[in-house]
Amino acid sequence: MSEESDRIFIKHFSATLVALAIFTVLIIALSIAIHRQLEPSENPARDIAREERLAPFGGVFAGETGRAAAQAAAEAAVAAAPAVAFDGSLDGQMIYEQACQVCHLSGAGGAPLMVAAEWEGRVEKGMDQLVANAINGIGAMPPRGGRSDLSDEQIEVSVAYMLEIIE
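S.K.: If you had to explain unusual backbone geometry to someone new, which residues and values would you point to?
M.R.: Its identity is not glycine, yet Phe-86 carries a phi of approximately 55°, on the positive side. Relative accessible area serves as the criterion here: at 23%, Phe-86 is assigned to the partly exposed category. In this structure, Arg-144 takes a positive phi of about 55° despite not being glycine. With respect to the element layout, Arg-144 can be found in the loop between α6 (127-136) and α7 (152-166). Arg-144 gets classed as partly exposed once you look at its relative accessible area, which sits at 22%.

S.K.: I'd like to hear about helix α2 (residues 44-54), residue by residue, with values.
M.R.: Little of α2 sits inside the fold, with zero of its eleven residues counted as buried. The backbone nitrogen of Ala-45 has a side-chain oxygen 3.0 Å away, supplied by the residue at the start of α2, namely Asn-43.

S.K.: An account of the environment of Leu-150 is requested, with residue identities and associated values reported.
M.R.: Structurally, Leu-150 is set in the loop between α6 and α7. For Leu-150, a relative accessible area of 4% gives the class buried. For the pair formed by Leu-150 and Gly-88, sequence separation is 62 residues and the distance between their alpha carbons is 8.1 Å. In contact with Leu-150, other than residues within four places in its own chain, are Ala-85, Phe-86, Ile-95, Ala-99, Arg-144 and Ile-155.

S.K.: So what's going on with the packing of α6 against α7? Which residues, and what values?
M.R.: To describe two helices that pack against each other, one gives the angle between their axes and the distance between the axes. Interhelical geometry of α6 versus α7 gives an angle of 120° and a closest axis separation of 9 Å. As the angle between them shows, α6 and α7 are arranged oblique. Between α6 and α7 lies a crossing of right-handed hand. Listed contacts from α7 to Met-127, Leu-130, Val-131, Ala-134 and Ile-135 of α6 are Asp-152, Ile-155, Glu-156, Val-159, Ala-160 and Leu-163. Classifying every residue of the contact of α6 with α7 by side-chain character gives nine nonpolar, no polar and two charged.

Parameters at a glance
- Residues numbered from 1 in each chain as written.
- Predicted model: local features only at pLDDT ≥ 70, side-chain atom pairs only at ≥ 80, totals over all residues.
- Heavy atoms only, no water.
- Buried < 20%, exposed > 50% of the residue type's maximum accessible area, 1.4 Å probe, protein only.
- Helix = DSSP H or I, 4+ residues; strand = E, 2+ residues; numbered from the N terminus.
- Polar contact = N/O pair within 3.5 Å; in protein donor to acceptor, adjacent residues only side chain to side chain.
- Contact = heavy atoms within 4.5 Å.
- Axes fitted to C-alpha atoms, helices over the stretch in contact; angles between N-to-C directions.
- Parallel < 35°, antiparallel > 145°, perpendicular 65-115°, else oblique.
- Left-handed = near helix turned anticlockwise from the far one by under 90°.
- Nonpolar A, V, L, I, M, F, W, Y, C, P; charged D, E, K, R; others polar.

Here is the structure:
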């Protein structure tokens, strides 16, 4: 009886595997047929990247017209330069409250909370290392705390302020 039931099981199991394989092939064939009916569309990001690669690298400026064009290009470059956050303020408390506090009060992304126990082991690394970690990012923290407009000096004063309030 045992051999007979084993044969029946193997027969049913094999039939199930064959049915699943046929179902898989049918699904693949159906997806290919549907995909062939779709019209290919261009990726807008790819078009923009292509245009940027093919854009002229520089310009030739000659005479009075060239001088005016060069001056306009220089003014546009200055206008496009990223501005420094908070008008360059070096008020560590204000920078902390506007940029750092969001994560360091809630512990988002593993940010150490503003209690001394959370900073044990970090403070011992020294101010230079803490500032470097804040500038370059560490763990889930993005570089400059996600504020690319913060200067190195602003980050340094905000780290100094944070160390003051945890001690």
